[in-house]
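# Structural description and commentary
For reference, the chains in residue letters:
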Amino acid sequence: MNLYSWFQLIFYIVVLLLLAKPLGSFMAKVYQGERTFLDRVLVPVERFIYRLSGVKPDEDMNWKTYAVAVMLFNVFGLLLVYALQRLQAVLPLNPQGLGAVTPDSSWNTAVSFATNTNWQGYGGEVTMSYFSQMLGLTVQNFVSAATGMAVMIALIRGIVRHTAKGIGNFWVDLTRSTLYILLPLSIVVALALVSQGVVQTFSPYKTVALLQPTTDANGNVVTEQVLAVGPAASQIAIKQLGTNGGGFFNVNSAHPFENPTPFSNFIEMLSILVISGALCYTFGVMVGDTRQGWAILITMTIIMVAFLSLAVWAEQGGNPAFTAMGVDQVQTNINPGGNMEGKETRFGIANSALWATVTTSASNGSVNSMHDSFMPLGGLVPLFMMQLGEIIFGGVGSGLYGMLAFVIVAVFISGLMVGRTPEYLGKKIEAYEMKMASLMLLIPILLAKVGTAIAVIAPAGLATIWNTGGPHGFSEVLYAFSSAANNNGSAFAGLGANNPFYNTALGICMFFARYLLIVPALAIAGSLVQKKKVPAGSGTLPTHTPLFIAWLIGVIMIVGALSFIPALALGPIVEHLMVFK
Amino acid sequence: MNIQTKKQSPYRREIYQRAVVESFIKLNPRLMVKNPVMFVVEVGSVLTTVLWIQALAGKGEAPAWFIGTVALWLWFTVLFANFSEAVAEGRGKAQAESLRKARQDTPAKKLHNAATDVQSALSKVEVVSSTALRKDDLYLVEAGDILPADGEIVTGIASVDESAVTGESAPVVREAGGDRSAVTGGTRLLSDWLIIRVSADPGQGFLDRMISMVEGAKRQKTPNEIALNILLAGFTIIFLVVCATLLPYSLYSVGAAGKGTAITITVLVALLVCLIPTTIGGLLSAIGIAGMDRMIQRNVIAMSGRAVEAAGDVDVLLLDKTGTITLGNRQAVEFIPVNGVDVKDLAEAAQLASLADETPEGRSIVVLAKEKFGLRGRAMGASDEAPEGMHFVPFTAQTRMSGVNFDDTTIRKGAPDTMIEMILLNGNKVPADLRPAVDSIARMGGTPLVVAKNNQALGVIHLKDIVKGGIKERFAQLRKMGIKTVMITGDNPLTAAAIAAEAGVDDFLAQATPENKLALIREYQTGGRLVAMTGDGTNDAPALAQADVAVAMNTGTQPAREAANMVDLDSNPTKLLEIVEIGKQLLMTRGALTTFSIANDVAKYFAIIPAVFASTYPVLTTLNFMHLATPESAILSAVIFNALIIIALIPLALRGVPYRAVGAAQLLRDNLLIYGDGGIIAPFIGIKLIDMLLVVLHLV
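In this numbering scheme, every chain counts its residues from 1 along its sequence in written order. The lettering of chains begins at A and the numbering of ligands begins at 1, in the order of writing. Predicted model: local features are reported for residues with pLDDT of at least 70 only, side-chain atom pairs are reported and counted for 80 or more only, and whole-chain, interface and lining totals are derived from all residues. Hydrogens and waters are ignored; side-chain quantities use all the structure's heavy atoms.

### Focus on the overall build of chain B
Note the following rule: In this description a helix means any DSSP run of H or I spanning at least four residues, a strand means any run of E spanning at least two, and both kinds are numbered starting from the N terminus. Our radius of gyration is a C-alpha quantity, and the globule rule it is checked against amounts to 2.2 Å times the number of residues to the power 0.38. Each residue is assigned to one of three classes by its accessible area relative to the maximum for its type, calculated with a 1.4 Å probe on protein chains only: buried under 20%, partly exposed between the two thresholds, exposed over 50%. Should any heavy atoms of two residues lie within 4.5 Å, those residues are considered in contact. Only the protein chains shown count as covering a residue, and every accessible area follows the Shrake-Rupley method with a 1.4 Å probe. Positive charges are assigned to Lys and Arg, negative charges to Asp and Glu, while His and the chain termini are left out of the count. Where a charge lies is defined by one atom per residue type, namely NZ (Lys), CZ (Arg), CG (Asp) and CD (Glu).
In terms of helices and strands, chain B carries 25 helices and 22 strands. Computed over the C-alpha atoms, the radius of gyration of chain B is 34 Å, more than 25% above the 27 Å expected from 2.2 N^0.38 for a compact globule of 700 residues. Dimensions of chain B, computed from the C-alpha atoms along their principal axes, are close to 120 × 60 × 45 Å. The burial tally for chain B puts 56% of its 700 residues in the buried class. Within chain B, counting contacts between residues at least 6 apart in sequence, those at least 24 apart form 70% of the total. Counting every atom, chain B has about 27,800 Å² of accessible surface; 57% of that belongs to carbon and sulfur. Of note, chain B has its 65 positive side-chain charges centred 6 Å away from the centre of its 69 negative side-chain charges.

### A look at the packing of aromatic side chains
Residue and element names in this part refer to chain A. Quick note on the threshold: Pairing of aromatic side chains requires ring centres within 6.5 Å, counting the rings of Phe and Tyr and the six-membered ring of Trp. Pairs whose planes differ by under 30 degrees are stacked, by over 60 edge-to-face, and all others tilted. Only lysine NZ and arginine CZ atoms are considered, and such an atom sits over a ring when it is within 6 Å of the ring centre and within 35 degrees of the ring normal.
As enumerated under the stated definition, the model contains 28 aromatic pairs over all chains in all. Seen from their ring centres, Phe248 and Phe249 are 5.1 Å apart, and the 75 degrees between their planes marks the pair as edge-to-face. The residues Phe248 and Phe249 share a single accessibility class, namely buried. Ring pairs connect the aromatic residues Phe7, Phe11, Tyr12 and Phe266, which therefore count as one cluster. Above the ring of Tyr180, the side-chain terminus of Arg176 is found at 4.4 Å from the ring centroid. Here Lys343 stacks its cationic end above the ring of Phe374, 4.3 Å away from the centre of that ring.

### Concerning the pattern of salt bridges
For clarity, the cut-off: Whenever Lys or Arg places a side-chain nitrogen within 4 Å of a carboxyl oxygen from Asp or Glu, that contact is recorded as a salt bridge.
Scanning all chains against the criterion turns up 28 salt bridges over all chains. Here Arg590 of chain B makes a salt bridge to Glu309 of chain B, at a shortest N to O gap of 2.9 Å. With Arg590 of chain B in helix 23 (residues 575-613) and Glu309 of chain B in helix 12 (residues 305-313), the pair connects residues that are 281 residues apart, well separated along the chain. On the basis of relative accessibility, which here comes to 1%, the residue Arg590 of chain B falls in the buried class. On the basis of relative accessibility, which here comes to 3%, the residue Glu309 of chain B falls in the buried class. Bridged by salt links that share partners, the residues Arg420, Glu423 and Lys428 of chain A together with Asp315 of chain B form one connected network.

### As for the interface of chain B and chain A
What counts, and what does not: Under the grouping applied here, Gly and all other residues not named as nonpolar or charged are polar, the nonpolar ones being Ala, Val, Leu, Ile, Met, Phe, Trp, Tyr, Cys and Pro and the charged ones Asp, Glu, Lys and Arg.
Taken together, the contact between chain B and chain A spans 62 residues of the former and 61 residues of the latter. The interface formed by chain B and chain A contains one salt bridge. The partner of Arg420 of chain A in a salt bridge is Asp315 of chain B, with the nearest N and O atoms 3.4 Å apart. In terms of residue count, the dominant contributor to the side of chain B that touches chain A is helix 9 (residues 223-257) of chain B (21 residues). When its residues are assigned to classes, the side of chain B that touches chain A shows 36 nonpolar, 17 polar and nine charged.

### Points about the pairing of strand 21 (residues 549-553) of chain B
Residues and elements named next belong to chain B. Counted only if it meets this: Pairing between two strands is assigned when DSSP locates at least 2 bridges connecting them. Orient the strands so they point away from the viewer, and a crossover whose first-strand-to-second-strand path over the helix runs clockwise is right-handed.
Summarising burial for strand 21: five of the five residues are buried, a large majority. Residue alternation in strand 21 divides its side chains into two sets, Val549, Val551 and Met553 and Ala550 and Ala552, and both sets are buried. Taken together, the three bridges between strand 21 and strand 22 (residues 566-568) define a ladder with parallel strand orientation. Across the sheet, the residue bridging to Ala552 is Val567, located in strand 22. The β-α-β motif built from strand 21, the intervening helix 22 (residues 558-563) and the parallel element strand 22 has right-handed crossover chirality.

### Some remarks on a nonpolar patch on the surface
Applied cut-off: Within this analysis, patches are made of residues with over 30% relative accessible area and no salt bridge. Like charges are joined at 9 Å or less; nonpolar side chains (Val, Leu, Ile, Met, Phe, Trp, Tyr) at 5 Å or less.
Where nonpolar side chains cluster on the molecular surface, the patch consists of Trp65, Leu693, Val695, Val696, Leu697, Leu699 and Val700 of chain B and spans about 640 Å² of accessible area. Here the element with the most residues in the nonpolar patch is helix 25 (residues 664-696) of chain B; it accounts for three residues.

### A closer look at helix 17 (residues 471-485) of chain A
Residue and element names in this part refer to chain A. So the rule is basically this: Helix span, as expected, comes to 1.5 Å for every residue beyond the first.
Helix length check: helix 17, at 15 residues, gives a terminal C-alpha distance of 21 Å against a target of 21 Å (1.5 Å per residue), a fit within 8%. For helix 17, the buried fraction is high: 15 of the 15 residues fall into the buried class. Looking one or two residues past helix 17, Asn487 carries a phi angle of roughly 55 degrees, positive in sign.

### Some points on the confidence of the model for chain B
Residue and element names in this part refer to chain B. Which entries qualify depends on this criterion: Values of pLDDT, the confidence the predictor places in each residue, fall between 0 and 100.
Per-residue confidence for chain B gives a mean pLDDT of 85, with 93% of residues at or over 70. When pLDDT is averaged over each helix and strand of chain B, the minimum, 40, is found for helix 1 (residues 3-7) and the maximum, 96, for helix 10 (residues 265-275). Below a pLDDT of 50 lies the segment residues 1-10, which in the model reaches 20 contacts outside its immediate sequence neighbourhood of four places, other chains included. Counting interchain partners and residues more than four positions distant, the pLDDT-below-50 stretch residues 379-386 has 11 contacts. What the predictor reports for the complex is a pTM of 0.86 with an ipTM of 0.94.

### Topic: the environment of Arg443 of chain B
Residues and elements named next belong to chain B. By the secondary structure assignment, Arg443 is in helix 17 (residues 434-443). For the pair formed by Arg443 and Val333, sequence separation is 110 residues and the distance between their alpha carbons is 15 Å. What Arg443 contacts, discounting residues up to four positions off in sequence, is Leu494 and Ala498.

### Structural notes on the sheet that holds strand 11 (residues 316-320) of chain B
Residues and elements named next belong to chain B. What counts is decided by this rule: Here, axes are lines fitted to C-alpha atoms. For helices the fit covers the stretch in contact, and angles between N-to-C directions go from 0 to 180 degrees.
Within the open sheet, the seven strands sit side by side as 10-22-21-20-11-18-19. Their pairing is mixed. Each of the sheet's edge strands pairs with one partner strand only, and the pair in question is strand 10 (300-302) and strand 19 (507-509). Along the sheet, successive strands turn relative to each other by an average axial angle of 20 degrees, direction set aside. Here helix 23 sits on the sheet in contact with strand 10, strand 11, strand 20 (531-535), strand 21 and strand 22, set at roughly 160 degrees to strand 11.

Written out as structure tokens, the structure is:
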């Protein structure tokens, strides 16, 4: 690692943290119904949407009504995406004449995009028509992100309001999230990306002559290639901002038309975490104590930086197997050094490791390098970041409500340790909250572990593990299920996942991982909102201090480590020990 | 519960022996299932025992000695947990037994209708068994009788020996009306007679409730305990999944590596038991019972575990001024003469006026005069036959003054307003310096009493509330703990403010009435605070019923004791502070042991994971940095450590984590250091030591 690489990493973190306050306070205004500079343009649009859809924006929902609205909306979206894929052959905007997607792949993709996972079992450019991409996938990119944000805001209201019932109106939260936050930011990001050369067109794929003719597997000379294009920039902007991660092209942001330059790379990486990070500040503003928001943001940042360092160290360290082959892995001014397998030369070690950490700390899952080719410990980083429950920044909204489940558990144990019924932000944490928070911790762990267990003994699961004869194949399966069970969507690759077994199993994981967390999160909101607010005193455990941050990090790491160390020991850890024997 | 039992060591041989038997009885799965963590251990014990039998038959998945040893230690784990609970219960049971002795069937002299004196009562008496008495029945007791049932005195005054209930051997006076009219069944009348109205049916009396509480038989889980149980169940499920999925993972890895053997069921069960929070799971119920027990040792009977737990959450304490903050009574501290009167004359007049005054205030005037001016009262004590033609005028609510008449002299002392009115009425002038003297005393929080001789003002006596020593420091501690103290007094706001400032309370309620006391509690509760208070009078009952933690004095009335959720047998209002600490200790012990239990798992992973996968991936032995001798010894050491730590922590569970009055942040830091970091480090050392021992003993 040279100075320049370090500078890039530090610059990224600093910019991310600097944006938290302005964007966070803007979002707080949006959700609290205060005036913003976008009102002049957007208020009429918002009113029009409500009138058109018959939404009464003043109607305050209790948590059950809210949850039903979330579920109805999401299931409807899921069915719509399914139908679009099955019928795309007869629908417009299909210049390549792509046929209907298979039922299991359609199910997988529909769940994947509705749940904000964006696991892609398919290759975009050879499977999806422009119509399916835009009306199905891009729309879901917006609304699945907005769903996560809405649930988060409802939970905040549960904390803020007291002795009440209502936690807000889902339709309003959904509309405002999309209209005031996701849409304007997407436009800005899309324009920035287009300026860097990301494609945005409806024209059919281009056939171009190769500069250097090559030969195919059969020895025939190949002189031209088909370049896939399409309306990519608009989808990429929201895929990053909404922590979706579903690329327009199969290789995602490693593709030069999706991510052509270091600057576009920076913009895309920043877009992954910017909303999740800023939502912490929004949280602080809305609960009336910004220190609470900073505490959570700092917790997230510390864990991310720790794992980022591990990833960079592992990748820059290089691979002993390459040394044996005589590959130069020493870093110089013209050679990034380290393990460059599966990485784009325009991004190098630092930006690839950073992206891998960032995309898995958020539930984004887009990639700019192939995680499967990382060093064992470098690959452990994205794997473990997902297994922590996608709460280190996490998905937009979902990361914070997942984190709050951990906060509740941390507050509960530490509250007992100071001799008081635990309370968080003035609300007592009791049996009901513990039940729901435990569920939120439990579900992703359960899905990832059981899913992997089935896949590694079921013949259908074993059939497409290409990497046999060692721990790496196990890591790939574990990665796939950890990704689906935490709504991340990134893939380790090396695993044939576009088949009925994995499409179905991963689809089930994604579905339950999303909605079995949303419902308990809303239930907590519904329970907290009815409680009295306990004024803080010196007997109250402060939840913004370095001590509490350290404790919270401890709880997160212990739960994650205790749940996954045995599995990791059989995957990346043993692989590392074998490589560096 | 006499004083002897109370002071005795909790670790009596008898309790131990019974606890050992109890630990086996508690293996009944129907009882175990209430504790999900330990139930899982029991199922694991059964499973490994079956595997052991299978191994003995020659078809084992591992050597029989190994499976057998694991099974044995898993059974120990369950038994140790049961033992901790049994020991905790045993202490309560011993106390219940001594209480039960007091509650034997006693003959009762039942009355069929009311009587006002003992003669007429005796003529109507019918002797029945105490179990035949029902609520609202009347009965008569005479000196030497055991009271057959709880009740309220209708007629009479008598001294009662309540040592059977309170452990206090000094007799107490009980009389009809007022705040000392409640009596408890099982206590003994020492003198006189009483006619009592029964207040509880048989089996529902105070003693019965106490017995069932200390026995812990009907112990309900408290809210925090339920929440903690949910969390522990959550962890248990996670570890169940972790261990269950390890079998397929291991099978796959064996296939992929092409060598080694898959993990055995025995090892999986051992790993599971090591990982699930058995330390806290096993000790949880002992902690709860011990919390109740600590209350009882301080002579406080909590009517529910919920109340004990709530005590730890209290953030407002309502304290009666008199008896809690100040010594029971006001005392004379100064004589202030007016109109040029000699201070000695004032003192003498004041002393004369107070000679027959039996109130502590009156006594203190006599004493002050004696101490300051060497004046000796000419007659002491209450007596109707006043010496040397003295005629004492007692205090009445109408005259609001008291005094003495002799020869042609009248001396009066009383509240300033009444006295001034009397002086003016008799055509005398009020000295110019009287008002200022009265006002300055009131401003200082004192009570002025004006003394007049022959309707001429002599001066003012300064009566002062004496704040208890050390109470100010106590309140400062409470403030640090985040608890607000509110003084309740019938005094006027000016007096109240002065005393509040002197005692260092945070707030006060002056001119308190039952209504505004109740309103104050409601107001705090609406603001989300938990309120604790003590009370003894019937007029305290509504407020006691409203408060979250309500401690009634044992000397209090029946309604007060009914409304409260705790009764202090010592009738010491300062006890509230200790009650709060016990409540906090209870929660802290649970939190600390939970942290310890979970933190332990880190070391257990380092012991077990390399051991179980070493045959498949030999390179994993790198992680065995404790250098445990063999895979078997590593697993056994972890299982044995896991069982022994329960036994080792029983004393802590029963005694509770020590509480210090510091802020929440510091408390968390200290406890995290001890139980968090300690919980990570301790098992590394413990497991290594056990492993070395196993090797030395050639057991592996």
